[in-house]
4 protein chains.
Amino acid sequence: MLSHDIRSRLPQLRREFHRYPEPGWCEFRTTSRVVEELERLGVDRIAVGREALSTDHRMAVPDESELAFWHERARAAGAREDVLELTAAGHTGVVATLERGEGPTVGLRVDLDAISLQESDEPGHRPADEGFVSEHDGYMHACGHDAHLAIALGTIEAVKESDFSGTFRVFFQPAEEISGGGKPMTESGHVDDVDYLLGFHVGLDTPTGTIVAGVEKPLAMAHLTATFEGASAHAGKAPNEGANAMQAVATAIQNAYAIPRHADGMTRVNLGRIEGGIASNVIAEEITLHGEVRGETMALMEYARTELERVLYSAAEMHDCDVTPRVISESPRVDSDPRLRDLIGHVARNHDAVEEVVSTVEFGASEDATFLMEHVQGNSGLASYVIVGTDHPTNHHTPTFDVDERCLGIGVDVLTDAVVETGRRRPGA
Amino acid sequence: MLSHDIRSRLPQLRREFHRYPEPGWCEFRTTSRVVEELERLGVDRIAVGREALSTDHRMAVPDESELAFWHERARAAGAREDVLELTAAGHTGVVATLERGEGPTVGLRVDLDAISLQESDEPGHRPADEGFVSEHDGYMHACGHDAHLAIALGTIEAVKESDFSGTFRVFFQPAEEISGGGKPMTESGHVDDVDYLLGFHVGLDTPTGTIVAGVEKPLAMAHLTATFEGASAHAGKAPNEGANAMQAVATAIQNAYAIPRHADGMTRVNLGRIEGGIASNVIAEEITLHGEVRGETMALMEYARTELERVLYSAAEMHDCDVTPRVISESPRVDSDPRLRDLIGHVARNHDAVEEVVSTVEFGASEDATFLMEHVQGNSGLASYVIVGTDHPTNHHTPTFDVDERCLGIGVDVLTDAVVETGRRRPGA
Amino acid sequence: MLSHDIRSRLPQLRREFHRYPEPGWCEFRTTSRVVEELERLGVDRIAVGREALSTDHRMAVPDESELAFWHERARAAGAREDVLELTAAGHTGVVATLERGEGPTVGLRVDLDAISLQESDEPGHRPADEGFVSEHDGYMHACGHDAHLAIALGTIEAVKESDFSGTFRVFFQPAEEISGGGKPMTESGHVDDVDYLLGFHVGLDTPTGTIVAGVEKPLAMAHLTATFEGASAHAGKAPNEGANAMQAVATAIQNAYAIPRHADGMTRVNLGRIEGGIASNVIAEEITLHGEVRGETMALMEYARTELERVLYSAAEMHDCDVTPRVISESPRVDSDPRLRDLIGHVARNHDAVEEVVSTVEFGASEDATFLMEHVQGNSGLASYVIVGTDHPTNHHTPTFDVDERCLGIGVDVLTDAVVETGRRRPGA
Amino acid sequence: MLSHDIRSRLPQLRREFHRYPEPGWCEFRTTSRVVEELERLGVDRIAVGREALSTDHRMAVPDESELAFWHERARAAGAREDVLELTAAGHTGVVATLERGEGPTVGLRVDLDAISLQESDEPGHRPADEGFVSEHDGYMHACGHDAHLAIALGTIEAVKESDFSGTFRVFFQPAEEISGGGKPMTESGHVDDVDYLLGFHVGLDTPTGTIVAGVEKPLAMAHLTATFEGASAHAGKAPNEGANAMQAVATAIQNAYAIPRHADGMTRVNLGRIEGGIASNVIAEEITLHGEVRGETMALMEYARTELERVLYSAAEMHDCDVTPRVISESPRVDSDPRLRDLIGHVARNHDAVEEVVSTVEFGASEDATFLMEHVQGNSGLASYVIVGTDHPTNHHTPTFDVDERCLGIGVDVLTDAVVETGRRRPGA
């Protein structure tokens, strides 16, 4: 059972992280605070930034000026210089290891980043009412990663106090929202010896008191951008002299959404952002689309990607434009292992605060924790992605998203017990 | 014949205006400098800003913050406080009147604004080589309005020295590039008693030494914006829950360009700029299109606008979105009067520097001088829009646009003689 | 065990039906032959045509001239006058009942119609090689309904010879291919007292010797047509005077395929046939689309239909056309009951010719047997749709489709045993 | 002045041709009747069918079975065997020559074919009321070529009675509606020595009593067909396995109409007919489009054709289909010569029945008489295409089109006088 001390610190930790949201690959201040907490807790090894990642496998890294802006902002807010050095130029993240003798290696994966969204400061939004609303204008922890951080740190403390035997390693992964950090953390080597891996998320329409032992069918996904380049011309005097990127992009959008449904299962295509052209009287020379494809399997995602690329190329050709689709980031589909789900369901039922345990749900969305899960399963380990229920007044990724902080203690309880219980087993058992 | 003094000042004036380009409705510094020059020349009456415009008829006025930025910049550069006051909040422009006894009222219309374009600073671009490149980053006199200002001021000086009899009034009109200033200047009352109106433009593929006595068929035009508003949703989990502005906008673009050609003559449709949506994994909630329609006649332009609006509304409805097309600005089609063209052609041939006189050409583009011309012709006056040829190394609206400064003197010569000659006639003669 | 007599007649029966394929609602000759066979077998009651159907619930009935053509052709081929009278004007089909004392009412549903396809007469296509190729030019039993008829008649004979106790009723349903006959047969009253219902199909990529005890997830489906009506005009002289059905239909097609995927499961949209317009130099006045929507559930099918209708209406409106989408026919989704699947699987395993029994597969396609199944299940009965495996050299609905006639005996064996076995049970048991 | 005999026969001739409309290249009966009339009139030379055409230059010839159907129908109606032999397999048409001594060669071109349209038999439609409605179901002289034939025959008779000196040659050209006959008649050699060529058309919104001396700006035109070939698949089970011709064709249509307007002048694009696909539940494998492009000049028409072909190819590629656009027929733009227009206007004014003479109008449509005109002008001859006004109750190409038969006499009068007058001139004078 979680000590009173740990439990009481959780809301305070979560609220501090909530006030300082940082976007993917820019979690410099967050990383520094995590390192400070880990040192306070006294773990055995801490790998920071470059030590925790494979630089070459990073995806969707922002440009230098954005990285520099957040790096400087973190320094101004008092981030530690040693951490700033190790994380410079988009190398955020931490891997913390607790050595507890004989036993399996159990991993816990948690994500650090926030999203680009202006938080509400209206009355009725608790972070506003209680004074922990975002201080970074235009950015917000609107997906609950602040709660994840508090739960992960609480779980380390609780495992330390437990009779867990084995190695416990926590992966503080950057850039989940842009599917950028899962791959380089997986390729860092720190996941190689993990026997059991737990990922988790709060909320997702699961109410406080409910635990989903492990999700199925996170969708394989790829983010892409495509810039159409044509030729400008005077729209009144000589429209025929242009190569109209606007017409090319419209043709591409129309046909992208019409990529055929596939016999083998679910696919998704979306083009979510667009910008380009300079004025109403000029044939548009350059327009950029930001999109994604998903599939119930990697093969289905790749079907959608291949079809999308053909649509993009043909639409460009039709209007005498060029286009170069670029994959920005991607993540595979990996299902939670039923054996590990059984174990988690079993320990969850021991807690009074857990009113309902659901064995599994279909995830529907994508998650780059699947890179770590895939690696563990590939090495014959077991992995599961748990949902820790929390009531939330509005949807994830909205300006009034908030969590029920009772979920923090429940999360620590269930994850700690799962870690302890797996420590009693043999991998593959 | 133009005095040596006037002629020698023209390049210097043009280059000063070239260094300080200001966008439509933000020509605060330019207006101030024009007023200073007019006072130096000694005209009889100067109406500035609010005195020169009908406030309610202004179109395409930028938002307050942009107006304030340029207003402050002009103040910092030494613009006169009395002018700044009269022009505040988007009221740039001047009407200058020279009283010279009995005779008709002759108008000359000139435009003040520059465009949003980064000027080249590469060697070979004369403004860069000779030190008068734009000092306003991202803005440039790339359409020759700097030359227009020099010609207009030179013409006032030359008319003053001439034996012209009548009233000479010069309209320094703001916001031509965005078709915003022609209408409010026309509605100011200052055009009501004009018997003859001369508009003019340098270049337009007409070489130095050639004069086009008056253009035909400027296209009637309307600028529009349309913002599609749908509903966002998670592109992976529930694409069906969104109302996808991206699909609506693609349908609209495809069908807008496919608006049928019209039996009665030329039409144009263009959608030149687009932006919207927030991320690749979110169904786009809001996307804005910037477009225009043109026609050989007002009726044809209105045909295109009506059809475009139907396309926009139906595309929105198809995807459960809302859209509100808004007309930002517009301008009518008005042809130059053949009698006035004859007069201009006649006086132009008297100058050795004029190698060729063309009676008329089809204009192809749009011009809001047509508001003033329409008003004058409606009062039984005559109006013509003259092209003063100039070699230009690259196209209008490109970063290396420049004029051959020999055009300045030619412009003053021809326009002055046209003013003087019309002073000898009766309206409608 | 099937008597030698019955077994030996099956190929001959199937081949006779194969030679005279008739399209939906035109199975006049087929109905007549079925009646003759039933009389020969000696069943207790035979309801024919109007007696077997609810006239008002028929869907997708061809026009009078087509019905008259096939009616006359059947008469010329010797169809019985009493049958021709009862089936006139699109009332094909038979319900045959065998009374065998105490026990449940067991139904078997079989389909009569062929499709519009020219059968191959190339060597290597067995019907051509062995002289039973279609004698109705342009029509073919290319989906195996000829085999279904032989199996159903054989099963009646075998049940008659068995110790079955109860009532056995066979539904010879017309117009399955166009989803037109399931509903009116269901509404005829003959299904009301059925306790167990068996539907079946041969082939569907299931090889000879395999039995699928009952399919899941037949897709709910609706067929639609939509005629766009605009206004013609001379494409050269006055394209603007038309209301272009060609543009409307293109907009509709593009957007129909782009109807968003749904969170709740699989949907399908297809526009499979198009025709309209009169000449290349005339703006098209009228174009007709033939399409369908499907869904994993009725709600999903209706989602797709509602969205498709909005697309059609908006596309018409955009181009000043009218459109009236009409639903031609539809069928619900009904899954096979697991208890009945167990029974069927059990009896199937008793036959040596059955090499493999599969409990269930996802069906993927649509089937209007689901109307009967839905009705039976709604009355607390059990229903299952069985696949009787057969090798087939090419796909269903291709000119060289054929069945392995060993499937005929297997089908009679398994279905007869299933009927006999259900006769030993109580409904719902 | 036209003799009473000729004038009185014109309506009767026109009405006979009206009753037996034949489509392009199938004018077998019409050709036979023309030959009979020419023999009755007594011209000097008659070249029929193969003698009047260059076989290899024919365009848009129907398939053999259609040609055979009309050939047989003509034979059954009593067409002459010698004519049937010379016209077999799509070789209709006649060239008739009248030798009248010294002088220029003057040509008159007339067209023979009708269109595919069901004529109205409603009261109020004069051909119905007065018993000369079409006897060929589904075909109609709805463009006035029946009147043209009467006028041409009347003009031969009148020229014969006149004091014309020179050679008069009349080209009875087949297949004008499908732009198929102008080219092969031009390439036959019979046009080589023509000094003056007159083409003509009745109606075209020009009222009875008005003559247009010669049209300008017939549009250059090309007819095309394009068949998209993809791959079929089951729309429910495996939509991804198809290559959907329906999606390809919709993309092509959308983008074809959106081909940019051209700076140099008018262009037209139309896709007027479409058909393909087999059923609503099958991904469409093959769909055919029938379209056309036009331009104010040949270069503009070719711009539109090139762009259309790129759209077709890219749309096919986008959906993994093949497409082969084929040009079926085409015609150039040729303007009427102003000198010949003056002559025609001059003679027209001499007739009381001619109330108004218009020098020229813009034609807007296309006409393959331009092949003959182009050839004559290329040899330094003069050519003009005259409009003989007639009131017509409804538009050309509609089921209630009719002419005011007063136009027949006017046409003969004006054309005869024009022929006689040109006989008095030297070519090029």
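Calculation criteria
- Residues numbered from 1 in each chain as written.
- Chains lettered and ligands numbered in written order.
- Predicted model: local features only at pLDDT ≥ 70, side-chain atom pairs only at ≥ 80, totals over all residues.
- Heavy atoms only, no water.
- Axes fitted to C-alpha atoms, helices over the stretch in contact; angles between N-to-C directions.
- Helix = DSSP H or I, 4+ residues; strand = E, 2+ residues; numbered from the N terminus.
- Parallel < 35°, antiparallel > 145°, perpendicular 65-115°, else oblique.
- Left-handed = near helix turned anticlockwise from the far one by under 90°.
- Contact = heavy atoms within 4.5 Å.
- Nonpolar A, V, L, I, M, F, W, Y, C, P; charged D, E, K, R; others polar.
- Domains from an automatic or database assignment.
- Buried area = accessible area lost by both parts, 1.4 Å probe.
- Salt bridge = Lys/Arg side-chain N within 4 Å of Asp/Glu carboxyl O.
- Polar contact = N/O pair within 3.5 Å; in protein donor to acceptor, adjacent residues only side chain to side chain.
- Pairing = 2+ DSSP bridges.

*Asks:* Describe the packing of helix α2 (residues 28-41) of chain A against helix α6 (residues 145-161) of chain A, naming the residues involved and giving the relevant values.
*Replies:* All names here are of chain A. Closest axis-to-axis distance for the α2/α6 pair is 11 Å, and the angle between their directions is 15°. In terms of axis orientation, α2 runs roughly parallel to α6. In this structure, the crossing between α2 and α6 has a hand that is right-handed. The residues of α6 that touch α2, namely those facing T30, V34, E37, L38, R40 and L41, are L149, L153, I156, E157 and K160. By residue class, the composition of the contact of α2 with α6 is six nonpolar, one polar and four charged.

*Asks:* Which residues make up the domain arrangement of chain A, and what values do they have?
*Replies:* The accessible area lost on association of the parts is a frequent measure of interface size. Residues and elements named next belong to chain A. You can read the domains of chain A as domain 1 (4-218 + 334-422) and domain 2 (221-329). Averaged C-alpha coordinates put domain 1 and domain 2 at centres separated by 34 Å. On the side of domain 2, six residues touch domain 1, which itself brings eight residues to the contact. Summing both partners gives a buried area of about 630 Å² for domain 1 against domain 2, and 54% of it is carried by carbon and sulfur. Of all residues in domain 1, the largest losses of buried area upon contact with domain 2 belong to S179, K217 and S366, amounting jointly to 52% of the total for that side. The salt bridge involving K217 is made with E296; its shortest N-O contact spans 3.0 Å. The tally of links from domain 1 across to domain 2 stands at four residue pairs in polar contact (both at pLDDT 80 or more). Split by residue class, the side of domain 1 that touches domain 2 holds four nonpolar, two polar and two charged.

*Asks:* Quick one: what's the story with the interface of chain C and chain D, residue by residue and with numbers?
*Replies:* Each side of the interface is counted separately: chain C has 40 residues, and chain D has 40 residues. Of the roughly 3,100 Å² buried at the junction of chain C and chain D (both faces included), carbon and sulfur atoms supply 55%. If you sort the residues of chain C by the area they bury against chain D, C:M246, C:I274 and C:S280 come out on top, with a joint share of 18%. Across the chain C-chain D interface, the total number found is zero salt bridges. Connecting chain C to chain D are 17 residue pairs in polar contact (both at pLDDT 80 or more). Elements supplying a minimum of two residues to the side of chain C that touches chain D: α8 (245-257), β10 (267-276) and β11 (286-295) of chain C. It is β10(C) that contributes the most residues to the side of chain C that touches chain D, eight residues altogether. In terms of residue class, the side of chain C that touches chain D is built from 18 nonpolar, 16 polar and six charged. Bridging between β10(C) and strand β10 (residues 267-276) of chain D involves three bridges; their strand directions are antiparallel. Paired with C:G276 across the two strands is D:I274, which belongs to β10(D).

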